Amino acid sequence: SKKKKKIIHILDMQILPDGPKSDVDFSEILNAIQEMAKDVNILFDELEAVSSPCKDDDSLLHPGNLTSTSDDASRLEAGGETVPERNKLNGLYFRDGKCRIDYILVYRKSNPQIEKREVFERNIRAEGLQMEKESSLINSDIIFVKLHAPWEVLGRYAEQMNVRMPFRRKIYYLPRRYKFMSRIDKQISRFRRWLPKKPMRLDKETLPDLEENDCYTAPFSQQRIHHFIIHNKETFFNNATRSRIVHHILQRIKYEEGKNKIGLNRLLTNGSYEAAFPLHEGSYRSKNSIRTHGAENHRHLLYECWASWGVWYKYQPLDLVRRYFGEKIGLYFAWLGWYTGMLFPAAFIGLFVFLYGVTTLDHCQVSKEVCQATDIIMCPVCDKYCPFMRLSDSCVYAKVTHLFDNGATVFFAVFMAVWATVFLEFWKRRRAVIAYDWDLIDWEEEEEEIRPQFEAKYSKKERMNPISGKPEPYQAFTDKCSRLIVSASGIFFMICVVIAAVFGIVIYRVVTVSTFAAFKWALIRNNSQVATTGTAVCINFCIIMLLNVLYEKVALLLTNLEQPRTESEWENSFTLKMFLFQFVNLNSSTFYIAFFLGRFTGHPGAYLRLINRWRLEECHPSGCLIDLCMQMGIIMVLKQTWNNFMELGYPLIQNWWTRRKVRQEHGPERKISFPQWEKDYNLQPMNAYGLFDEYLEMILQFGFTTIFVAAFPLAPLLALLNNIIEIRLDAYKFVTQWRRPLASRAKDIGIWYGILEGIGILSVITNAFVIAITSDFIPRLVYAYKYGPCAGQGEAGQKCMVGYVNASLSVFRISDFENRSEPESDGSEFSGTPLKYCRYRDYRDPPHSLVPYGYTLQFWHVLAARLAFIIVFEHLVFCIKHLISYLIPDLPKDLRDRMRREKYLIQEMMYEAELERLQKERKERKKNGKVHHNEWP
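- Going by what an unreviewed UniProt entry lists, the chain is known as Anoctamin and is assigned to Saimiri boliviensis boliviensis.
- The annotation that UniProt attaches to the chain under Sequence similarities (unreviewed entry) is "Belongs to the anoctamin family."

What follows is the structure, encoded as structure tokens:
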């Protein structure tokens, strides 16, 4: 270009043999370079990626970081400190400061399993791993075993494990652009200059360590090592990969003579070792600012750009999370971030539905009639102690009900059913992109080891493994079936326990209504139903939390009773049981309120009773939806608050208690500088079930967000606010409060995806029933088209709802009350004379008709409309869901093209590299005089 020629011309003028013709005009050179840089940036934006040379992971860190092992040691020596001396101080290396610690084993000298440890450690050395031991600074009984894998061991096992490593920089090609599109792009780029520069993206200018590698990868091979980009052997394999390779070795080392006496997991189970974990990469805090001095290490970088509350509005650095914690944890945070992002439209629409109810509140004919119905006296809602009440007394509840049950509710229910499908379908596409970027497309899970418990139980029966060809323990089909039947019976029994707990809550509600109705405080006496609902929900929440502890123990017992063969089978079985238990436990009361409360109470004078004693609870005069909203709102807020407190509060308290004990033992004035392995040992280990608790919490929240969303449109908004906090809480917990988990690989979120699909299907059914049965949408629709002022005109506006409240109430003669139901008050406080009639919510004939209190024709019309709505709604939504699933491919087209292009380029590059090597060998043979005829070029 002209700018490039201009720079070259200026530089040529300065390096002529006769010397410079004039003073160097550096400002002119700088201006030309800046103009070229603008063009380069535009080109990079079009490519959507920076094609920069690949570097090893640790070389991206700040030059003064604690984990850097680069070859540039002269700079450190100039400061009076060599690399080995510096490495000795940070606690990440052996005493020599050269061998990096890849894994830590912890045991106690007082433990009797000495012989097993000696054999195990002898075999560790035989595999080529280097070992060093160190006693604890606070407890001499605790011994830390530091393990280091040399380059030869890493290369050998990386090849066996098919670890994919970078071998060539990716090449991007500019698509063909037309002049018209180029002009549009220029206009858009001019407009973007006035907008904020993507505030949600992480700033890569101030945080240069965020630049990720962009290389083609291939399974590592020692024979083709010259194909791979190796700047430094010490940093070629990053820390997570090194720890994974060492763990793979430890799982295959014998500790005793015998066929099954093998692996670190068995030694952890029998107590030979107390703990085993990879090290964190130094401290997550630094005295210097990351913007001025750079990141000290990857942990510090993750804390500053991910786990810090100051970046709550930023996107997650998923590549950094994957690089530090592995693909399995990276996929969890990718899914959580995707779920949170998809909640934005759902929360916006739900808030719109709520605000629509607020704006139309003054125009709602039904709430107006309820508030103006001072002459309508309602029958008591409980026996004896409950008084007669005016319908206008429930004006506030009628208005609150309209906020959630209005004309936009049906649209929102359809939207959320479609949203659940779109969320899952687009997650599959997102997962495919992540799997491609993280080299998980062709990754296949290794043949899993058999669980030690399974081996011990069925060691006498063996058969040949069809994959490995080796004999292994075998479980007979009859034994497996009998265990599954017993396990299913246990699940059914525990579900019955949940139903019994709900039955207890129902009895509490029935008894407490009368108690609150006779309360001394007027506030509680006048709002006895609301007080009953509120206290019942709180008690139900306490029962839910207590039963969850019991369910965990029962699920463990039943899963171990089944004797799953591998760890993944055990994990899937345990996950399914815990989800069933907690889902039923959390939603059983909600199902009762939505579909059973007030449906089978009978009518005044002929109430249905529980055990022929307690009269079943009725809905509030304004409807049952207000009870369902209270149930969902209180349970959702309390459970999310409790979960967030336990996730962060419990590790913080335990770590604080550990630090307090250390201060008490060594004195508060003495400051001890602990090495990194001791700091990590004092942190909390990741829970035994891995990511189970994190997934379970989010899946249950997804159920709350979708299953009864027609009754509580603000549920997506509450979920969104919780998830924004949840992402940073989980990040803070992983980076600062937990030991570093082993980096493990995974292609997807496992069994949880099937559970999400099941919840999506269930949500369509439940929302159809909530709209048809729980809300008053169908009765209002029937009245508007059939019985209201606009009957037969095809209209359904607010003017067509005049008289709806009076038409939805039936008349009861007070003299027909049963003796045990007759109220203490005669209602004379309303008109000065005893009441003769009262009203109640139902479609029944008056007492003077031929069939007193029989169902009216309007009741059957409403029932038929409800059933028809359920069928039409379900079929329509399911058709839309299946159509969306069919139209959205699981793999994006551009990703498919990139995969094909990459496969082609990799084959070409490997062929060119091999051809280049053969040509070099041929030239060397020619130089040495060894020329062979008829050889391949």
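There's more to say after this.
## Quick notes on the overall build of the chain
- Counting secondary structure elements, the chain contains 32 helices and 16 strands.
- By the burial criterion, 48% of the 937 residues in the chain qualify as buried.
- Approximately 48500 Å² of the chain is accessible, and the part contributed by carbon and sulfur atoms is 59%.

## A short note on unusual backbone geometry
- You will see that Asn162, though not glycine, has its phi angle at about 55°, which is positive.
- With respect to the secondary-structure elements, Asn162 resides in the loop between helix 6 (151–160) and strand 4 (164–169).
- The phi angle at Gln563 is positive, at roughly 55°, despite the residue not being glycine.
- Position of Gln563 among the secondary structure elements: in the loop between helix 21 (528–562) and helix 22 (567–595).
- Assessed through its relative accessible area of 13%, Gln563 is described here as buried.

## Here's the deal with the sheet that holds strand 1 (residues 103–108)
- Strand order in the open sheet formed by 4 strands is 2-3-1-6, and the pairing between neighbours is antiparallel. Of all the strands in the sheet, just strand 2 (130–135) and strand 6 (275–277) have a single pairing partner and so form its edges. Mean inter-strand twist for the sheet, computed between neighbouring axes without regard to direction, equals 20°.
- Bridge analysis of strand 2 against strand 3 (residues 142–148) gives 6 bridges, and the strand direction is antiparallel. Paired with Ser135 across the bridge in strand 3 is Ile143.
- Relative to strand 1, helix 5 (residues 114–126) is tilted by about 160°, and along the sheet it contacts strand 1, strand 2 and strand 3.
- Contacts from helix 9 (residues 239–250) reach strand 1 and strand 3 within the one sheet, and its direction differs from that of strand 1 by about 50°.

## Regarding the state of the cysteines
- Under the criterion given, the structure shown has 3 disulfides.
- Here Cys371 connects covalently by a disulfide to Cys395, the sulfurs 1.8 Å from one another. The chirality of the disulfide connecting Cys371 with Cys395 is right-handed, given an S-S dihedral of about 80°. With Cys371 in helix 15 (residues 365–372) and Cys395 in helix 16 (residues 395–404), this residue pair connects regions lying 24 residues apart in the sequence.
- Assessed through its relative accessible area of 22%, Cys371 is described here as partly exposed.
- With a sulfur-sulfur separation of 2.1 Å, Cys790 is cross-linked through a disulfide to Cys800.

## Examining the side chain of Arg100
- Position of Arg100 among the secondary structure elements: in the loop between helix 4 (83–90) and strand 1.
- Despite its burial, Arg100 remains without a salt bridge, the nearest opposite charge being carried by Glu281 at 4.8 Å.
- Engagement of the side chain of Arg100 in a polar contact is seen with the side chain of Tyr93, the distance being 3.1 Å.

## With respect to the environment of Ile499
- Tracing the chain through its elements places Ile499 in helix 19 (residues 477–517).
- What makes Ile499 exposed here is its relative accessible area of 52%.
- Considering only alpha carbons, one finds Ile499 and Ser588, 89 residues apart in sequence, at a separation of 7.2 Å.

## As for the packing of aromatic side chains
- Applying the stated criterion across every chain, the model contains 51 aromatic pairs.
- Residues Trp335 and Tyr339 carry aromatic rings whose centres are separated by 5.5 Å and whose planes lie at 20° to one another, so their mutual orientation is stacked. With a gap of 4 residues between them, Trp335 and Tyr339 both fall in helix 14 (residues 327–359), about one helical turn apart.
- Taking relative accessible area as the criterion, Trp335 reaches 0% and is therefore assigned buried.
- By relative accessible area, which is 0% here, Tyr339 ends up buried.
- Directly above the ring of Tyr855 sits Arg844, whose terminal nitrogen or CZ lies 4.2 Å from the centroid.

## Side note on the UniProt feature "transmembrane region" (unreviewed entry) in the chain
- Mapped onto this structure's residue numbering, the UniProt feature "transmembrane region" (unreviewed entry) falls at residues 332–358, 408–427, 484–510, 530–551, 579–600, 699–721 and 749–773.
- Split by type, residues 332–358 is 100% helix and 0% strand. Its first and last C-alpha atoms lie 38 Å apart.

## Digging into the packing of helix 14 against helix 26 (residues 715–737)
- With their axes 7 Å apart at the nearest point, helix 14 and helix 26 run at an angle of 160° to one another. On the basis of their axis angle, the class for helix 14 and helix 26 is roughly antiparallel. Of the two elements, helix 14 crosses helix 26, and the hand of that crossing is left-handed. Each of Ile329, Tyr332, Phe333, Leu336, Gly337, Tyr339, Thr340, Leu343, Phe344, Ala346, Ala347 and Leu351 in helix 14 lies in contact with helix 26, whose residues at this interface are Pro716, Leu717, Ala719, Leu720, Asn723, Ile724, Glu726, Ile727, Asp730, Ala731 and Phe734.
- In the contact of helix 14 with helix 26, the residues fall into 18 nonpolar, 3 polar and 2 charged.

## Let's talk about the packing of helix 14 against helix 25 (residues 692–707)
- Taken N-terminus to C-terminus, the directions of helix 14 and helix 25 make an angle of 20°; their axes are 11 Å apart at the nearest point. When the axes of helix 14 and helix 25 are compared, the pair comes out roughly parallel. Crossing of helix 14 against helix 25: the hand is left-handed. In contact with Leu331, Tyr332, Trp335, Leu336, Tyr339 and Leu343 of helix 14, helix 25 contributes Glu694, Tyr695, Met698, Ile699, Gln701, Phe702 and Thr705.
- Its residues assigned to classes, the contact of helix 14 with helix 25 comprises 10 nonpolar, 2 polar and 1 charged.

## A short note on helix 32 (residues 893–927)
- Between its terminal C-alpha atoms helix 32 stretches 51 Å, which fits the 51 Å expected from 35 residues at 1.5 Å a residue.
- Listed in full, the buried residues belonging to helix 32 are Leu895, Glu902, Leu905, Ile906, Met909 and Ala913.

## Observations regarding the nonpolar core
- Ranked by internal contacts, the top residues of the largest apolar core, which has 147 residues, are Phe325, Trp335, Tyr339 and Trp419.
- Examining the composition of this core, we find that 15 residues originate from one element, helix 14, more than from any other.
- Taken domain by domain, the makeup of this core includes at least three residues from each of domain 2 (315–664 + 676–778) and domain 3 (779–887).
- By size, the runner-up hydrophobic cluster in this structure holds 38 residues, among which are Leu154, Tyr157, Phe220 and Tyr255.

## With respect to the pattern of salt bridges
- The full count for this structure, using the stated rule, is 24 salt bridges.
- The salt bridge involving Glu121 is made with Lys133; its shortest N-O contact spans 2.8 Å. Taken as a pair, Glu121 in helix 5 and Lys133 in strand 2 lie far apart in primary sequence, 12 residues in all.
- According to the relative accessible area criterion, Glu121 is buried, its value standing at 5%.
- Asp479 is the partner of Arg483 in a salt bridge, and the nearest nitrogen-oxygen pair spans 3.1 Å. Linking Arg483 with Asp479, this pair stays in helix 19, spanning 4 residues, or about one helical turn.
- On the accessibility criterion, Arg483 (14% relative accessible area) is buried.

## Structural notes on the environment of Phe277
- On the secondary structure map, Phe277 appears in strand 6.
- Sequence separation between Phe277 and Asp102 is 175 residues; the distance between their C-alpha atoms is 9.1 Å.
- The residues touching Phe277, leaving out its near neighbours within four places in the chain, are Tyr103, Ile104, Val106, Trp677, Asp680, Tyr681, Arg739 and Arg740.

## Comments concerning the UniProt feature "coiled-coil region" (unreviewed entry) in the chain
- Residues annotated by UniProt as "coiled-coil region" (unreviewed entry) correspond here to residues 901–928.
- Between the C-alpha atoms that bound residues 901–928 there is a distance of 41 Å. The span itself is 96% helix and 0% strand.

What counts and what doesn't
Residues numbered from 1 in each chain as written. Predicted model: local features only at pLDDT ≥ 70, side-chain atom pairs only at ≥ 80, totals over all residues. Heavy atoms only, no water. UniProt positions renumbered as here; feature names shortened; annotations may be inferred. Helix = DSSP H or I, 4+ residues; strand = E, 2+ residues; numbered from the N terminus. Buried < 20%, exposed > 50% of the residue type's maximum accessible area, 1.4 Å probe, protein only. Areas by Shrake-Rupley, 256 points an atom, 1.4 Å probe, with all protein chains shown as cover. Pairing = 2+ DSSP bridges. Axes fitted to C-alpha atoms, helices over the stretch in contact; angles between N-to-C directions. Contact = heavy atoms within 4.5 Å. Disulfide = S-S within 2.5 Å. Lys, Arg positive; Asp, Glu negative; His and termini not counted. Salt bridge = Lys/Arg side-chain N within 4 Å of Asp/Glu carboxyl O. Polar contact = N/O pair within 3.5 Å; in protein donor to acceptor, adjacent residues only side chain to side chain. Phe/Tyr/Trp six-rings, centres within 6.5 Å; stacked < 30°, edge-to-face > 60°. Lys NZ or Arg CZ within 6 Å of the ring centre and 35° of its normal. Parallel < 35°, antiparallel > 145°, perpendicular 65-115°, else oblique. Left-handed = near helix turned anticlockwise from the far one by under 90°. Nonpolar A, V, L, I, M, F, W, Y, C, P; charged D, E, K, R; others polar. Expected span 1.5 Å × (residues − 1). Core = buried A, V, L, I, M, F, W, Y, C linked by side-chain atoms within 4.5 Å. Domains from an automatic or database assignment.

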